[in-house]
Every structure is written in structure tokens, then in C-alpha cells.
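The residues making up each chain are set out below.
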Amino acid sequence: MTDTLPPTDGAEGAERVESVEGAEEPRVRYEKKDRVAYVTLNRPSVLNAMDLRMHHELAAVWGDIESDEEVWVAVLTGAGSRAFSVGQDLKERAGLNRDGARPTTFGSRELPGWPRLTERFTLAKPVIARVDGYALGGGFELALACDLIIASDRSVFALPEARLGLIPGAGGAFRLARQLPLKVALGYLLTGRELSAARAKELGLVNDVVPPADLDACVAGWVDDLLRSAPLSVRAIKESVLRSLDMPLEQAFATRFVWEERRMHSEDALEGPRAFTERRPPRWQAR
């Protein structure tokens with residue numbers, strides 16, 4: 001929905017990255033305001049199905065978010081009220097198949113948009129998925145690659161690839177089995193069954209489920225809480241948690257993490273205890 005994003009016309013501190021395709025309507029809307037990057041998949045007429053051009057545009061967006069020191073949090077959503085994204089544009093895929101394109105499998109290396117969010121393992125800034133409506137196939141995989149998922153109560157999740165002769169190659173086969181009990185994950189992966197937002201929250205896949213009218217306020221609440229936290233601490237925690245999931249505990253303690261090395265020697269690491277002692281809000285600088 002366009003009204004979920006902060007206005008950019010004349011808004012102080014707001015920026016916009018235009019489409020890589022020039023004047024044509026962009027597949028991705030990208031806006032930045034007050035240390036938050038807002039990314040909107042912008043094909044509502046086809047439920048935000050992702051074609052190669054969208055992936056190409058997204059690559060520039062994620063690269064900018066990763067490199068821009070003024071961005072501390074990202075919010076990813078889909079245009080319109082019907083879908084976050086229904087995944088791969090299958091009409092485009094069928095045409096590529098007819099033209100003899102190589103078959104798809106796990107990962108996106110050598111394809112437009114690589115590394116996509118689902119394989120951008122070094123992105124330490126937190127990403128929130130704002131889901132309203134369908135999150136199917138690659139759309140669900142995008143949400144699974146985010147750090148938090150906030151969904152409306154009308155949202156539906158599914159990985160229907162098995163019903164289409166495909167696989168959840170953008171990480172769904174791997175992430176769902178890590179984020180759910182194995183038998184539960186296999187049940188959804190092997191059958192393509194739909195998962196309601198309420199059930200997803202029960203299973204721990206979704207952080208919050210609210211009525212559509214409350215979705216933006218709920219997302220804003222999470223954004224505010226993330227911005228209250230020290231940005232280098234957030235990045236250090238995210239990196240250490242995700243990198244250590246499969247490590248023995250002893251190895252995790254002995255591992256040196258990039259963002260933790262930066263945090264421990266940062267000005268912010270001194271500012272937090274000082275602000276607490278002086279009974280004032282901390283002034284984070286991300287350095």
C-alpha cells in the first residue's frame with residue numbers, strides 16, 4: 001500500500017533511489033527516512049510476482065542498504081492489500097523455459113539480482129517483513145530471510161513448489177526446516193499446504209499478527225524499538241546468532257564475529273553505560 005510509506009515530497013531527510021529502468025514504472029519502490037529504508041515490491045496487478053527485472057532492481061536496493069551508514073533498519077513489503085508477493089513470475093519462467101533457458105535450482109548465482117536477500121548472508125542490519133495478504137513461494141522465502149515478520153490476520157503463507165514441479169530454491173527448503181520442527185516443516189514443504197498467519201505465529205514464524213488496520217502501527221512500534229537499541233549491538237547480535245546456529249556452544253564462544261569486534265571497540269559501547277549513569281537517553285552514532 002502506498003500509504004504505508006512515509007511521504008517523500010519535501011520530507012526532510014528522505015531520499016529516493018529511482019528505478020534502474022529509467023522513467024518506466026519501477027518494479028521496486030525504495031525510500032529512506034529517519035534511518036529507515038522502506039522497500040516495496042511494486043507489481044500489485046500480478047500480486048507482486050517477482051520477475052528478473054524486479055530482482056535486478058532489488059540488488060541495487062539491498063546493496064545501498066548495506067552500504068549506507070545512515071540506514072539502520074529496513075522494512076520490506078508489497079504494494080496493494082492482496083499480497084506481499086506470490087513468488088516467481090511463472091509466466092516469465094514458462095517463456096524462459098520455451099527459449100531454452102537453463103533450469104532453476106537452489107540459489108541465484110549468475111542470475112539477475114545476485115546475491116538476492118535470500119543469499120545476502122553478510123547483511124547485518126535488521127530487516128522487517130511487513131506482510132499483508134499472500135506470501136507464497138519466493139514471497140514466503142523472502143519473508144523467511146527477514147529477521148522479523150509482522151503480518152495482518154488475513155495473510156497466508158505457503159511454499160507450493162512441489163505442486164508445480166519445482167523446489168523452494170530461494171532458501172525455503174533450508175530456512176523452514178531450521179525455523180520449525182522438522183516434521184512440521186516437511187509437512188508444509190512436501191504438500192504445499194497453506195499456513196494461516198495465526199498458525200504461523202503459534203509456530204513461532206511470525207512475531208506479531210494484527211488486523212490490517214493496525215499493521216502499520218505495529219510495524220512502526222517494532223521499528224521504534226529497533227532504533228532505540230544501539231545499531232552496532234543489533235548488528236553484532238544478529239550476526240553472532242545467525243552464524244552460530246549450527247556451531248557447538250564452545251566454538252560459538254571462541255568465534256570472533258566481525259560486527260562484535262566493531263561494537264566492542266566503538267564509541268557506542270561507552271555511550272550506553274554513560275547514558276544510563278547520567279539518567280538520559282543514549283545518543284547512538286553507529287561508531
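Conventions and cut-offs
- Residues numbered from 1 in each chain as written.
- Predicted model: local features only at pLDDT ≥ 70, side-chain atom pairs only at ≥ 80, totals over all residues.
- Heavy atoms only, no water.
- Buried < 20%, exposed > 50% of the residue type's maximum accessible area, 1.4 Å probe, protein only.
- Helix = DSSP H or I, 4+ residues; strand = E, 2+ residues; numbered from the N terminus.
- Arc of directions from axis to C-beta.
- Contact = heavy atoms within 4.5 Å.
- Salt bridge = Lys/Arg side-chain N within 4 Å of Asp/Glu carboxyl O.
- Pairing = 2+ DSSP bridges.
- Axes fitted to C-alpha atoms, helices over the stretch in contact; angles between N-to-C directions.
- Phe/Tyr/Trp six-rings, centres within 6.5 Å; stacked < 30°, edge-to-face > 60°.
- pLDDT = per-residue confidence, 0-100.
- Patch = residues over 30% accessible without salt bridge, like charges linked within 9 Å, V, L, I, M, F, W, Y side chains within 5 Å.
- Areas by Shrake-Rupley, 256 points an atom, 1.4 Å probe, with all protein chains shown as cover.

Attention shifts here to helix H4 (residues 172–179). Counting along an α-helix, one turn takes 3.6 residues, and residues three or four places apart therefore face a common direction. If you check which residues of H4 are buried, you get Gly172, Arg175 and Leu176. Buried positions in H4, seen along its axis, are confined to an arc of 95° and lie on one side of it. Contacts made by the buried residues of H4 are with helix H3 (138–145) and helix H5 (182–191).

Let's shift gears to the pattern of salt bridges. Counted according to the given criterion, the structure contains 23 salt bridges. Among the salt bridges present, the one from Glu110 reaches Arg102, with a minimum N-O distance of 4.0 Å. Since its relative accessible area comes to 45%, Arg102 is described here as partly exposed. In this structure, Arg256 engages Glu261 in a salt bridge whose closest nitrogen and oxygen atoms are separated by 2.7 Å. A residue is classified by how much of its surface remains accessible, and Arg256, at 54% relative accessible area, is exposed. Each of Arg27, Arg43, Asp51 and Asp89 takes part in one network of salt bridges that share partners.

Further remarks concern the sheet that holds strand S5 (residues 83–85). Spatially, S5-S7-S9-S10 is the arrangement adopted by the four strands of the open sheet, whose pairing is mixed. Each having just a single partner strand, S5 and strand S10 (195–196) make up the two edges of the open sheet. Of the pairings in the sheet, the one linking S5 to strand S7 (residues 134–136) comprises two bridges and is parallel in character. Pairing of Ala83 across the sheet is with Tyr134, part of S7. Seen against the sheet, H3 touches S5, S7, strand S9 (156–158) and S10 and runs at an angle of roughly 90° to S7.

Within this structure, the stated rule accounts for two aromatic pairs. Aromatic pair Phe106 and Phe174: ring centres 4.9 Å apart, planes at 35°, arrangement tilted. Residue Phe106 is located in the loop between helix H2 (90–98) and strand S6 (127–131), and its partner Phe174 is located in helix H4; the two are separated by 68 residues in the primary sequence. Both rings, one in Phe140 and one in Phe157, keep their centres 5.2 Å apart while their planes meet at 50°; by these two values the pair is tilted.

On to the pairing of strand S2 (residues 28–33). Most of S2 sits out of view: five of its six residues are buried. As paired strands, S2 and strand S3 (residues 36–41) are joined by six bridges and run antiparallel to one another. By the bridge assignment, Glu31 is partnered in S3 with Tyr38. Taken together, S2 and the strand that follows it, S3, pair antiparallel across an intervening segment of two residues, in which Asp34 is found at a positive phi of about 55°.

Of the residues in the chain, 92% reach a pLDDT of 70 or more, and the chain-wide mean stands at 91. Overall, residues 1–22 carries pLDDT values under 50, and its contacts beyond four positions in sequence, including any with other chains, amount to 47 contacts.

On the surface, Ile237, Val241, Leu242 and Leu245 cluster together into a nonpolar patch covering about 390 Å² of accessible area. Take Leu242: it is sitting in helix H8 (residues 231–244). The exposure class of Leu242 is partly exposed, given its relative accessible area of 49%.

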